Amino acid sequence: MLELVNLSKRYKQFYAVKNMNMYIEKGEIVGLLGPNGAGKSTAISMLSTLIEPTEGDVLFERRSVLKKPVSLRKVTGVVPQEIALYEDLTADENLFFFGKIYKMSGTNLKQKIDDILDLIGLTDRRNSLVKKFSGGMKRRLNIGVALLHDPELLIMDEPTVGIDPQSRNYILETVKKLNKEKGMTVLYTSHYMEEVEFLCDRIYIMDRGNLIAVGTTEEIKEILSSENTIYIEAELLNDSFITALQDELTIKKVFVKNETVTIIVPKEINIFRLVTEFAANSNVQLKSLSVKTPTLEDVFLHLTGRALRD
Ligand code: ADP
Ligand code: MG
C-alpha cells in the first residue's frame, strides 16, 4: 500500500531521517518505535506529505506521492503528536467543523459524528467544551477527527504520551478494533515497547535517524535468542560489585537502575555461580536473580546500549 524508498530529511548538516526504507501492507498494524528525537515525527510528516524529503520517495500504490499528494491524503487520517482542536468549541462542534473541511454535510456528517463519539467513548461529553477535557479525552477526540472521512490508512504519532492509563487502554483497544472490524491499516508511532508489542504485526525500530531493526515482534525478539537477559535485585549495591560484572568478559552488557542490575549474557554461561560469587566478594546481598524472556525493551538495549526512555 505504502512504501518509503531511501527517504531522507536533512536540516543543514544534520539528518533527522537518513535513508529510510519501509513498507506497509494493506490491513497491517505497523509500529515505528524509537526514543525522543529518533526521527519518527519527521518520517511521518514526509510520508503524509506535510514536509518534503531531501532525498528519496514515498510510493502509494506504487505511484510517487511527491508529484501527486492528493490520492494519498484522501485515504489517510493523521493523528498528529500535537493536539489540534478548538478549545472553545465542544467535542461535537469540533467534529462538525472538521467534517465541513472534509466537505461532509447533512445526515451523513451527523451520523458519522454519532458513530465516532461512540467509538472514542465521548458520547456523554459531546456538548462539553474541549478546554474542560482531560488530556486523554482531547487525545481521543483528536483521533476522532482523523477518522471522520473513513480513512483506509490511519497514521498515529505517539497518541498515548502524557495521558491517564484508562484513556491509553481505550486508545489501544480502539486501534485494535478499527483494524479488526474495518480492516483499517495503521502506522503506530511510539516510544513505549509494550504498546507496539501489544498492537503491531511488524515493527520498525529507529534511533538517531536510522532504522536499526525491522521484523515481526517474534523476529525482533529472535535477535536475542542466543542471549539471556538476567535481572539481579540486590540490597547494598556497590561499585565493586558493578565493576566486577562489567569486567567479566562473558557478560556482554550491564545496566544499573535503582536496586536492579540488568545484564545480557550468552545462553550457555552459568551466570548464577558467577553473580553469587561477585556478590559474596563485595558484600552485596542478593534478593533475586531471574531470567526473563526478552522483551522489545531488551532488544533496544541490546541494539543501542541505551534504555528507550532515556
Ligand atoms: P521524534 O518524533 O522521533 O521524537 P523528530 O522527528 O521530531 O523525532 O526529530 C528528529 C530530529 O530532528 C530531532 O533531533 C529534532 O531536533 C530534529 N528536527 C526536527 N524538525 C526539525 C527542524 N524543522 N529543523 C531542525 N531540526 C529538526
Ligand atoms: Mg515525535
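Because the structure is predicted, anything quoted here is derived from the model rather than measured.

Visitor: Explain the pairing of strand β8 (residues 185–190) to me, please; I cannot follow it from the model alone.
Guide: Regular strands place their side chains on alternate faces of the sheet. For β8, a buried count of six out of six residues is recorded, marking the element as mostly surrounded by other parts of the structure. Side chains of β8 alternate between two faces, with Thr185, Leu187 and Thr189 and Val186, Tyr188 and Ser190 buried alike. Here five bridges tie strand β3 (residues 29–33) to β8, and the two strands are oriented parallel to one another. By the bridge assignment, leucine 33 is partnered in β8 with serine 190. Since strand β7 (residues 153–157) and β8 lie parallel, the crossover through helix α6 (residues 165–182) that links them has a hand, and here it is right-handed.

Visitor: Can you help me understand the nonpolar core in this one?
Guide: Soluble globular proteins tend to pack their nonpolar side chains together in the buried interior. In terms of nonpolar packing, the biggest core is built from 46 residues, with Leu141, Leu154 and Met156 touching the most fellow members. The dominant element in this core, judged by the number of residues it contributes, is helix α5 (residues 135–147), at six residues. For methionine 156, the contacting residues outside a window of four places in its chain are Ile44, Val79, Ile143, Ile171, Val175, Val186, Leu187, Tyr188 and Thr189. Among the nonpolar cores identified, the runner-up in size contains 25 residues, and Leu2, Ile24, Ala38 and Leu47 belong to it.

Visitor: Looking at this structure, I do not really get the coordination of the magnesium ion (ligand 2). What am I missing?
Guide: Each donor-metal-donor angle would ideally measure 109.5 degrees in four-coordinate tetrahedral geometry, or 90 or 180 degrees in six-coordinate octahedral geometry. Distances from the magnesium ion (ligand 2) to its protein donors, namely Ser41 (OG) and Gln81 (OE1), fall within the range 2.1 to 2.2 Å. Taken together, the residues serine 41 in helix α1 (residues 40–47) and glutamine 81 in the loop between β6 (76–79) and α3 (91–101) connect sequence positions 40 residues apart. The exposure class of serine 41 is partly exposed, given its relative accessible area of 25%.

Visitor: Please explain the pattern of salt bridges as it appears in this structure.
Guide: Oppositely charged side chains are able to pair whenever their charged atoms sit close together. Within the structure shown, the criterion is met by 13 salt bridges. Put simply, aspartate 88 and lysine 131 hold a salt bridge, and the shortest N to O gap is 2.8 Å. One end of the pair, aspartate 88, is in the loop between β6 and α3; the other, lysine 131, is in the loop between α4 (106–119) and α5, and 43 residues separate them in sequence. Connected through shared salt-bridge partners, Asp92, Asp114 and Arg126 make up one network.

Visitor: Would you take a moment to explain α1 for this structure?
Guide: An α-helical segment advances 3.6 residues per turn. Residues three or four places apart therefore align on the same side. Among the eight residues in α1, seven count as buried, and that is most of the element. For α1, the complete set of buried residues consists of Lys40, Thr42, Ala43, Ile44, Ser45, Met46 and Leu47. Two residues or fewer after α1 comes threonine 49, characterised by a positive phi angle close to 60°.

Visitor: Would you mind showing me how to read unusual backbone geometry here?
Guide: Glycine aside, the phi torsion of most residues is negative, and most peptide linkages are trans. Even without being glycine, leucine 236 reaches a positive phi, approximately 60°. Checked against the element boundaries, leucine 236 lands in the loop between β11 (227–235) and α9 (239–247). A positive phi is found at asparagine 283, a non-glycine position, where the angle reads about 55°. Within the element layout of this structure, asparagine 283 appears in the loop between α10 (271–281) and β14 (285–292). Take asparagine 283: its relative accessible area is 63%, and that puts it in the exposed class.

Conventions adopted
Residues numbered from 1 in each chain as written. Chains lettered and ligands numbered in written order. Predicted model: local features only at pLDDT ≥ 70, side-chain atom pairs only at ≥ 80, totals over all residues. Heavy atoms only, no water. Buried < 20%, exposed > 50% of the residue type's maximum accessible area, 1.4 Å probe, protein only. Helix = DSSP H or I, 4+ residues; strand = E, 2+ residues; numbered from the N terminus. Pairing = 2+ DSSP bridges. Right-handed = clockwise from strand over helix to strand, strands pointing away. Core = buried A, V, L, I, M, F, W, Y, C linked by side-chain atoms within 4.5 Å. Contact = heavy atoms within 4.5 Å. Donors = N, O, S within 2.8 Å, 3.2 Å for Na, K, Ca; no water. Salt bridge = Lys/Arg side-chain N within 4 Å of Asp/Glu carboxyl O.

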